[in-house]
Amino acid sequence: MIPVRSFSGKKVALFGLGGSGLATAKALLSGGAELTAFDDSPDSVEDARGQGVPTADLRSIEWTGLSALVLAPGVPLTHPKPHWTATLANDAGVPIIGDVELFARERRAFGPTAPFIAITGTNGKSTTTALIAHMLRQAGKDVQMGGNIGRAVLTLDPPVEGRHYVVECSSYQIDLAPSLDPTIGIHLNVTPDHLDRHGTIENYAAIKAQLVAGSDYAIVGVDDDYGRRLADALVEEGREPLRISTTQHLGTGLFADGSDIVLALGPDRRVIASLDGVGSLRGCHNAQNAMAAIGVCLRLGLDEDTIREGLMSFPGLAHRMEQVARIGETLFINDSKATNAEAAAPALSSFDQVRWIAGGLPKAGGIDALSHLFERIQKAYLIGEAAPIFASALGDQVRYEISDTLDVAVRHAARDAEEAGGGIVLLSPACASFDQFRNFEVRGDAFRAAVQALPGAETIGGDVP
């Protein structure tokens, strides 16, 4: 745990007592804060009280004299409307912050030399975070990884010299971190997402940009308009961001040339690494993730041989293009994290022909954004509430069946692949999971279990950290 000593002896209110909120409460108490915590769930309040966290209804406390309201990331700050605690804090002039802000303050105060790498982006940030942490560990560094992935940031070990923090930051966390100041800030991409929480994509993009605005060194993906404008704005401020691109050969920066990652420094260009044969980093989107990680490692002084070794040994992440098993010549891939069409596109574009398992709770826009990839689909196996909607979108362009449930889709896709002599069976749902599963992880676990239950399934070891 990182004790939050910057609020020692100060009065602090906290709302949201889920996993990260409860961890934040304990970190504040450990640092000496005078804390009052609450949650809309009576069970969460009771559980926190049982663990020694002082609780009270924040409607009944005196807000004058509070040093901060600490919100859990899932609590609305502005949209669709401010949570009632945010309204009370704003009316009383109390700053509203979150756990990443508390971490940033503690690092500045007690471990300013500890490198802090922060990563954001609509897509790819979890893989990039895990890849950076893996490569630094392989190089013998003391690494702590957390934030929006794995461990809550305040449950990591305290900052000391030489300890590297690799922290995934969601837009919710950035919005609650006004003094965020990473050593290296990474901005991968922006596509429409979380607009219910941020109102417009412009607001969403501006919040994402805050992560690199306060960084010492910025790495910016420039394959979308928001990233290009952000990089240009940094240059106008007199900074020199490292641009990364999968779609264009840059004059200066890192870019993909086929499976090669090329470092361009004006006329000097050299291949830093090749992703050919790295199954955990298959596809154009993973080339962007790899470039961001390479950029970090170069900035931190790792040699190129060590960087290449780190890339080659990366096991990948569960539910993100995870290679689950083989049956003969058929490879089964779990991309359950793809909860919208844009997130499913990278997986579909990574293979020439796939048997695609898709569906669940549909999101706005359906799969219209994937129409240019329909030619890559041998057959679709549609599940959940979205099945009839997706069937209508596929029309007569793609063969499909309505399988209804995931286990049926797995069995039928495996049967068809075997009859065809092999191929790719891909779960990349382009939907939320909540119609049939609690979350995308449970959905991915169910896919993995269904595949591994098939006769002849050979688990691919080492792909899940």
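Summarised in this report is the structure supplied together with it. (Residues numbered from 1 in each chain as written. Predicted model: local features only at pLDDT ≥ 70, side-chain atom pairs only at ≥ 80, totals over all residues. Heavy atoms only, no water.)

1. Let's talk about the pattern of salt bridges
Then, number 1: Tallying each qualifying case throughout the model produces 17 salt bridges.
Then, number 2: For the salt bridge of Asp352 with Arg376, the shortest nitrogen-to-oxygen distance reads 3.9 Å. With Asp352 in the loop between helix 12 (341-349) and strand 16 (354-359) and Arg376 in the loop between strand 16 and strand 17 (377-383), this pair connects stretches of sequence that are 24 residues apart.
Then, number 3: Among the residues examined, Arg376 registers a relative accessible area of 23% and is labelled partly exposed.
Then, number 4: Linking Asp416 and Lys379 is a salt bridge whose minimum nitrogen-to-oxygen distance equals 3.2 Å. With Asp416 in helix 14 (residues 406-419) and Lys379 in strand 17, the pair connects residues that are 37 residues apart, well separated along the chain. Across the pair, exposure class does not vary: Asp416 and Lys379 are buried alike.
Then, number 5: It is possible to trace a salt-bridge network through shared partners that takes in Arg270, Glu304, Asp305 and Arg308. (Salt bridge = Lys/Arg side-chain N within 4 Å of Asp/Glu carboxyl O. Helix = DSSP H or I, 4+ residues; strand = E, 2+ residues; numbered from the N terminus. Buried < 20%, exposed > 50% of the residue type's maximum accessible area, 1.4 Å probe, protein only.)

2. Observations concerning the nonpolar core
Then, number 1: Counting 65 residues, the largest nonpolar core has Phe7, Leu28, Trp63 and Leu69 as its most contacted members.
Then, number 2: Ignoring any residue separated from it by four or fewer positions in sequence, one finds Phe7 in contact with Val12, Leu28, Gly32, Ala33, Ser67, Ala68, Ile97, Leu102 and Arg105.
Then, number 3: Grouped together as the second largest cluster of nonpolar side chains are 40 residues, Ile119, Ile132, Ala292 and Leu302 included. (Core = buried A, V, L, I, M, F, W, Y, C linked by side-chain atoms within 4.5 Å. Contact = heavy atoms within 4.5 Å.)

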